[in-house]
Amino acid sequence: MKPLKLQFLKSAAKFEQLPPDEGVEIVFIGYSNVGKSSLINKICHQKSMAKTSRTPGRTQLFNIFTHDENSRIVDVPGYGYAKATASHQEEWRTRLQHYLIHRQSLKCILLVCDIRRDPREIDQTIIEWTTENDMPLLLVLNKIDKLSKNEQMKHRQKYQNMADGHQKLRLYLCSCLKSTGITNLTDDLRAMLQEKHD
């Protein structure tokens, strides 16, 4: 598998601190502890490109990784971590909402979910928002190595039903441990980051 070329650029606490709003941007979103950082590390073949933490969801920053001078990936903190105060969670949710609505260079959302868990309310909100706004959505059902094939298909169907009607949905069954699904996801990310947008 050819890794995705990424380089850490900066962390930004505020929307105004993000890079210039131009080119192609893909944002990685997911509930705390779904393996989002591990996924980023896997697709770029680096063990510590994205920092994994024993206390997920504590760092509330936009983490920016450049692919080339015209494209980048933005990793946002896992939402819903219990040890973050309610006010901090609400503040971050407001910042994320502002980013999704106003970021012109945002061309795609990659939503990471733990396939063992039922879709959470905020996952459903993201899926509905991308459907309503005709935003491409890469839906990654992670940690499939934890389930049998039959269980994988059963849980996949739940997410598929939730995203029914989404015209720009791509769904992936992935395992960072076994590298399952990583090649297809990486190839699709690379193609999207290299697309030219007016």
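## A closer look at the sheet that holds strand S6 (residues 137-142)
- Strand order in the open sheet formed by seven strands is S1-S3-S4-S2-S5-S6-S7, and the pairing between neighbours is mixed. Because the sheet does not close on itself, it has two edges, and the strands there are strand S1 (7-12) and strand S7 (169-173). For this sheet the average axis-to-axis angle between neighbouring strands, irrespective of direction, equals 20 degrees.
- Here five bridges tie S1 to strand S3 (residues 62-68), and the two strands are oriented antiparallel to one another. Within S3, the position partnered with Ser11 by the bridge is Asn63.
- Along the sheet, helix H1 (residues 36-43) contacts strand S2 (24-30), strand S4 (71-75), strand S5 (106-114) and S6; its crossing angle with S2, the most-contacted strand, is approximately 140 degrees.
- The sheet contacts of helix H5 (residues 182-193) involve S2, S3, S4, S5, S6 and S7, and relative to S2 the element is tilted by about 145 degrees.

## So, the layout of surface pockets
- Estimated volume of the second largest pocket: approximately 280 Å³.
- For the second largest pocket, the full set of lining residues is Arg93, Leu96, Gln97, Leu100, Ile101, Glu121, Ile122, Thr125, Ile126, Glu128, Trp129 and Glu132.
- Looking at the lining of the second largest pocket, the elements with two or more residues in it are helix H2 (86-102) and helix H3 (121-132).
- Tallying contributions element by element places H3 first for the lining of the second largest pocket, with seven residues.

## Digging into unusual backbone geometry
- Of note, Asn33 is a non-glycine position whose phi angle comes to about 70 degrees, a positive value.
- Position of Asn33 among the secondary structure elements: in the loop between S2 and H1.
- The backbone phi angle of Lys143 is positive, close to 70 degrees, even though this residue is not glycine.
- Inspection of the secondary structure puts Lys143 in the loop between S6 and helix H4 (149-162).
- Taking the relative accessible area as the measure of exposure, Lys143 reaches 19% and is therefore buried.

What counts and how
- Residues numbered from 1 in each chain as written.
- Predicted model: local features only at pLDDT ≥ 70, side-chain atom pairs only at ≥ 80, totals over all residues.
- Heavy atoms only, no water.
- Pairing = 2+ DSSP bridges.
- Helix = DSSP H or I, 4+ residues; strand = E, 2+ residues; numbered from the N terminus.
- Axes fitted to C-alpha atoms, helices over the stretch in contact; angles between N-to-C directions.
- Contact = heavy atoms within 4.5 Å.
- 1 Å grid on protein atoms, 1.4 Å probe; cavity = no way out; pocket = protein on both sides within 12 Å on 5 of 7 lines; lining within 4 Å.
- Points joined across faces, edges and corners; volume = space filled by probe spheres on them.
- Buried < 20%, exposed > 50% of the residue type's maximum accessible area, 1.4 Å probe, protein only.

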